[in-house]
Amino acid sequence: MQQKSKLFLQALKYSIPHLGKCMQKEHLNHCNFTDRYYHRIKLKKYHLTKCLQNKPRISELARNIPSRNFSCKNFLSSKQENEKPLSENMDAFEKVRAKLETQPQEEYEIINAEIKHGGFVYYQEGCCLVRSKDEEADNDNYEVLFNLEELKLEQPFIDCIRVAPDEKYVAAKIRTEDSEASTCIVVKLSDQPVMEASFPNVSSFEWVKDEEDEDVLFYTFQRNLRCHDVYRATFGDNKRNERFYTEKDPSFFVFLYLTKDSRFLTMNIMSKTTSEVWLIDGLSPWDPPVLIQKRIHGVLYYVEHRDDELYILTNVGEPTEFKLMRTAADTPAIMNWDLFFTMKRNTKVVDLDMFKDHCVLFLKHSNLLYVNVIGLADDSVRSLKLPPWACGFIIDTNSDPKNCPFQLCSPIRPPKYYTYKFAEGKLFEETGHEDPITKTSRVLRMEAKSKDGKLVPMTVFHKTDSEDLQKKPLLVQVYGAYGMDLKMNFRPERRVLVDDGWILAYCHVRGGGELGLQWHADGRLTKKLNGLADLEACIKTLHDQGFSQPSLTALTAFSAGGVLVGALCNSSPELLRAVTLEAPFLDVLNTMMDTTLPLTLEELEEWGNPSSDEKHKNYIKRYCPCQNIKPQHYPSIHITAYENDERVPLKGIVNYTEKLKEAIAEHTKDSGEGYQVPNIILDIQPGGNHVIEDSHKKITAQIKFLYEELGLDSTSVFDNLKKYLKF
């Protein structure tokens, strides 16, 4: 029986490379039973720039695309000299912790896209898919399974790995930085590994084994960013490849998830607000799938399995927030679901992990992080409030039933390891060198009152010893769409800005998901202007409470966050001095009226249907950035766009930029001598990806722009950046 390591909530989102003009970044891989996907610490004697992938969250399901982020290395200015020996009987968590304690941080990196299966670790080394014995994984003693250069792609990387239950095959999804297209290769494991097959445009994929011990690969096929088809394939002497399912509704997409115990492969069919799940028997994959519950408009649900019971995370019933229910696996319909656990008001379910005797919920409540450990034998609940500096989870997949490991991070602090040990009922923290940012910076949880009385949470960072904060530069970040949380993962350039005296403010406006499903509902469709009012209230509150001033305030966003930023530039430009945008969604009306674009039909539940609904059309006209440009003063704006971006068409960004320049030119004619004309910069990058998070060129260009527009000395900031980025 194959052991499964991907986490329930994380896996569901990463499987979907489309839906939403946004990214994850977050945002990622997940893997099979007995496989263990995790961030392995690999010791180095030299500095490399690798990347750390944030794993996905189910409550941000389908609204992100895969991306690669910075590693958390090069943080300490001095090395630790006291090395400690590793005890042979230490568990995996403590071995990792000991390595962190005994190695200088600038000499390790965090490696992504790895799986532990059957005593081997599978991962990417250079341009190759390799494996090594688990105990030798840090010694560069590995077996090459496949050379990625054979695919003739430019700078390919492994995005996801799956190992067949009996290790006869390994499958890996390959991508490049400048494209969302992917190729899934299947390698036969033998004395001479050989590529058995390759499939283009694969999104999610999972292995199961049938009654005759034959490995079966299920995978979803993506066409024009839409994922509607499921295939199943076998290899060797009984080779076949057949379509298994096709979703006919263009507003829905399909992804695959293998329950943690590998008992069922779930076929999840989802829109923005509705889901339907089918169970494929992990022991008899050729049998017809079983429907859990036919789709009901507005009802979302996701499924895990343990001991012949289904655990269902769903928003069915009142209040319409996520709650945990369960039912017998042989009676899965909704009328048999029993309420098992409810969340507090203003709570976001970030993730869920299922263990033999426990269920662990990773939560965000009132903008603070919690872990709830539910004992499945006695239904006991232990709620743990996590350190206030923590803004995000990185969930470590783990097949060990005794421990639940995870990491915490913030935009200015690299990930730190924690583990909950079930037997002891305690949370253990990584010890050793404490990051200096802990003492040199401060994190504040604030609220702004929007014009309708809603309290909007903010997370603010600044140096502890900063004096006269009103004279410090302020960088505000916002998103507010698709029920996604504002990205709070570690970013080296944000750390550098705080070290250089900047204030960072993250505004968790309506339309995002920080306070649960209703928070999203209150900022979509004909309530989108709530998000704009929230953003304006946040910036005014910051200024009123002594955090910077308009002439030193900058606003930044990516993708769908550009809607609120562009709208604010039209309605209240006096609040800002500069703006940076990446792949921004600015021409909402024309985009949503063009049904030939790949995502328009899937986006209707977020933005509305202006083609057939006059109310939606008129409402979008009220806030659409491109529709409301007028001759007036604007902040300086730097836009990074991508030439072949399929999610946010370049045409709309170019149209916005041209209209904006014309309006500024008209306003300048009537402004007299001495008027400082704002700079409007459109930087078009090659490639077909949506957002490239770790582009050094982009980062340095944006920081240079901000310092020049705010009239700041950038000498020290670029010197500090070199500690984190490889130039």
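On a predicted model such as this, the values are computed, not experimentally measured, just so you know.

Novice: Is there a simple way to think about the overall build of the protein in this case?
Specialist: In terms of helices and strands, the protein carries 13 helices and 43 strands. Scored against the burial criterion, the 727 residues of the protein give a buried share of 64%. For the protein, the accessible area works out to roughly 26700 Å², and carbon and sulfur atoms hold 47% of it.

Novice: Just to check I follow, could you spell out the nonpolar core for this structure?
Specialist: For soluble globular proteins, nonpolar side chains are generally found buried alongside one another. Counting residues in each nonpolar core, the largest one holds 88 residues, and the members touching the most others are Val476, Leu535, Leu542, Leu555, Val588, Trp607 and Ile637. Setting aside chain neighbours within four positions, we find Val588 in contact with Val563, Trp607, Ile620, Tyr623, Cys624 and Pro625.

Novice: Please clarify how the pattern of salt bridges should be interpreted in this entry.
Specialist: Proximity of charged atoms lets side chains of opposite charge pair with each other. A full pass over the atoms with the stated rule returns 30 salt bridges. Residue Glu206 is joined to Arg162 by a salt bridge in which the shortest nitrogen-to-oxygen separation is 3.2 Å. Highlighted residues: Glu206 in strand β16 (residues 202-209) and Arg162 in strand β12 (residues 156-163), separated in sequence by 44 residues. Within the structure, one salt-bridge network assembled from shared partners comprises Asp166, Lys168 and Lys209.

Novice: Can you walk me through the environment of Asn224 in this structure?
Specialist: With respect to the secondary-structure elements, Asn224 resides in the loop between β17 (215-223) and β18 (226-234). For Asn224 and Asn201, which are 23 residues apart along the polypeptide, the C-alpha to C-alpha distance reads 9.4 Å.

Novice: Sorry, what's going on with the sheet that holds strand β21 (residues 264-270) here?
Specialist: The strands making up a sheet associate through hydrogen bonds between their backbones, and the pairing can be parallel or antiparallel. Spatial ordering of the open sheet is given by β20-β21-β22-β23, a layout of 4 strands whose pairing is antiparallel. Pairing within the sheet leaves two strands with one partner each, and these edge strands are β20 (253-258) and β23 (290-293). Ignoring which end each strand starts from, the neighbouring axes of this sheet average 25° apart. Both β21 and strand β22 (residues 275-281) contribute to a ladder of 7 bridges, which runs antiparallel. Bridge pairing in β22 places Met267 opposite Trp278.

Novice: Just to check I follow, could you spell out the packing of aromatic side chains for this structure?
Specialist: How two aromatic rings sit relative to each other is set out by the distance from centre to centre and by the angle between their planes. Within this structure, the stated rule accounts for 25 aromatic pairs. With centroids separated by 5.7 Å and ring planes inclined at 75°, the aromatic side chains of Tyr311 and Phe340 adopt a geometry described as edge-to-face. Highlighted residues: Tyr311 in strand β25 (residues 309-314) and Phe340 in strand β27 (residues 338-342), separated in sequence by 29 residues. For the pair shown, Tyr311 and Phe340 are each scored as buried. Look at Phe355 and Phe422: their rings are 4.9 Å apart centre to centre, the planes differ by 65°, and that puts the pair in the edge-to-face class. With Phe355 in the loop between β28 (347-354) and β29 (358-365) and Phe422 in the loop between β34 (413-421) and β35 (426-429), this pair connects stretches of sequence that are 67 residues apart. Judged by its relative accessible area of 5%, Phe355 falls in the buried class. A network of ring pairs unites the aromatic residues Tyr169, Phe199, Trp207, Tyr219, Phe221, Tyr231 and Phe235 as a single cluster. The ring of Phe120 has Arg131 sitting right over it, with the charged end atom 4.4 Å from the ring centre. Directly above the ring of Phe252 sits Arg295, whose terminal nitrogen or CZ lies 4.4 Å from the centroid.

Novice: Help me out: how do you make sense of a negative patch on the surface in this one?
Specialist: A cluster of like negative charges, contributed by Glu211, Glu212, Asp213 and Asp287, occupies part of the molecular surface. Relative to the helices and strands, Glu212 is located in the loop between β16 and β17.

Novice: Just checking my understanding: could you explain helix α6 (residues 528-544) for this structure?
Specialist: Because an α-helix packs 3.6 residues into every turn, residues spaced three or four apart end up facing the same way. Between its first and last C-alpha atoms α6 spans 25 Å; for 17 residues at 1.5 Å apiece the expected length is 24 Å, and the two agree. Counting buried positions over the 17 residues of α6 gives 12, a clear majority of the element. Turning to α6, its buried residues number three or more, namely Lys528, Gly531, Leu532, Ala533, Asp534, Leu535, Ala537, Cys538, Ile539, Thr541, Leu542 and His543. At the exit of α6 stands Gly546, carrying a positive phi of roughly 90°.

Novice: When you look at the pairing of strand β32 (residues 392-395) in this model, what are you seeing that I'm missing?
Specialist: Consecutive side chains along a regular strand alternate between the two faces of the sheet. Residues Gly392 and Ile394 of β32 are buried on one face, and the alternating residues Phe393 and Ile395, pointing to the opposite face, are buried as well. Pairing of β32 with strand β33 (residues 403-410) involves 4 bridges; the strand directions are antiparallel. Of the residues in β33, the one forming a bridge with Ile395 is Phe406.

Novice: Which parts of the structure should I look at to understand unusual backbone geometry?
Specialist: Phi is mostly negative for residues that are not glycine, and the peptide bonds are mostly trans. In this model, Glu318 is joined to Pro319 through a cis peptide bond whose omega is -10°. Despite not being glycine, Asp213 shows a phi value in the positive range, around 60°. A relative accessible area of 48% places Asp213 in the partly exposed class.

Novice: Hey, could you run me through the confidence of the model for the protein in this one?
Specialist: Where the model shows low pLDDT, its predicted coordinates should not be examined in detail. When the pLDDT values of the protein are averaged, the result is 83; 82% of them are 70 or greater. Across residues 1-111 the pLDDT falls below 50, and counting only partners more than four positions away or on other chains, this stretch makes 450 contacts in the model.

Novice: Would you mind going over helix α10 (residues 614-623) with me for this structure?
Specialist: Along α10, the positions that sit buried rather than exposed are His616, Tyr619, Ile620 and Tyr623. Within α10, the buried residues cover an arc of 100° as seen down the axis, which keeps them to one side. On its buried face, α10 sits against α6, α7 (561-571), α8 (588-592) and α9 (600-607). The N-terminus of α10 is capped by Asp613, whose side-chain oxygen sits 2.9 Å from the backbone nitrogen of Lys615.

Novice: Before we go on, may I ask you to explain the sheet that holds β35 in this structure?
Specialist: With antiparallel pairing, the 4 strands of this open sheet are ordered in space as β32-β33-β34-β35. Strands with a single pairing partner mark the edges of an open sheet, and in this sheet they are β32 and β35. This sheet shows a mean twist of 30° between the axes of neighbouring strands, independent of strand direction.

Novice: When you look at the pairing of β25 in this model, what are you seeing that I'm missing?
Specialist: A large share of β25 lies buried, amounting to 5 of its 6 residues. When strand β24 (residues 301-306) meets β25, the two strands line up antiparallel, connected through 6 bridges. The residue of β25 that forms the bridge with Val303 is Ile312. Here β24 folds back onto β25, and the loop between the two strands holds 2 residues, one of which, Asp307, carries a positive phi near 45°.

Novice: Would you take a moment to explain the side chain of Lys528 for this structure?
Specialist: Checked against the element boundaries, Lys528 lands in helix α6. Side-chain polar atoms of Lys528 contact the side chain of Glu606, separated by 3.2 Å. Not counting residues within four places of it along the chain, the set of residues in contact with Lys528 comprises Gly480, Ala481, Gly523, Leu564, Glu606, Trp607, Tyr619 and Tyr623.

Novice: Can you help me understand the packing of α6 against α7 in this one?
Specialist: Two quantities define a packed helix pair, namely the angle between the axes and the distance from one axis to the other. Interhelical geometry of α6 versus α7 gives an angle of 65° and a closest axis separation of 10 Å. In terms of their interaxial angle, α6 and α7 are classed as roughly perpendicular. Relative to α7, the crossing made by α6 is right-handed. Residues Lys528, Gly531, Leu532, Leu535, Glu536 and Ile539 of α6 pack against Leu564, Ala567, Leu568 and Ser571 of α7. Residue composition of the contact of α6 with α7, by class: 6 nonpolar, 2 polar and 2 charged.

Cut-offs used in this document
Residues numbered from 1 in each chain as written. Predicted model: local features only at pLDDT ≥ 70, side-chain atom pairs only at ≥ 80, totals over all residues. Heavy atoms only, no water. Helix = DSSP H or I, 4+ residues; strand = E, 2+ residues; numbered from the N terminus. Buried < 20%, exposed > 50% of the residue type's maximum accessible area, 1.4 Å probe, protein only. Areas by Shrake-Rupley, 256 points an atom, 1.4 Å probe, with all protein chains shown as cover. Core = buried A, V, L, I, M, F, W, Y, C linked by side-chain atoms within 4.5 Å. Contact = heavy atoms within 4.5 Å. Salt bridge = Lys/Arg side-chain N within 4 Å of Asp/Glu carboxyl O. Pairing = 2+ DSSP bridges. Axes fitted to C-alpha atoms, helices over the stretch in contact; angles between N-to-C directions. Phe/Tyr/Trp six-rings, centres within 6.5 Å; stacked < 30°, edge-to-face > 60°. Lys NZ or Arg CZ within 6 Å of the ring centre and 35° of its normal. Patch = residues over 30% accessible without salt bridge, like charges linked within 9 Å, V, L, I, M, F, W, Y side chains within 5 Å. Lys, Arg positive; Asp, Glu negative; His and termini not counted. Charge placed at Lys NZ, Arg CZ, Asp CG, Glu CD. Expected span 1.5 Å × (residues − 1). pLDDT = per-residue confidence, 0-100. Arc of directions from axis to C-beta. Polar contact = N/O pair within 3.5 Å; in protein donor to acceptor, adjacent residues only side chain to side chain. Parallel < 35°, antiparallel > 145°, perpendicular 65-115°, else oblique. Left-handed = near helix turned anticlockwise from the far one by under 90°. Nonpolar A, V, L, I, M, F, W, Y, C, P; charged D, E, K, R; others polar.

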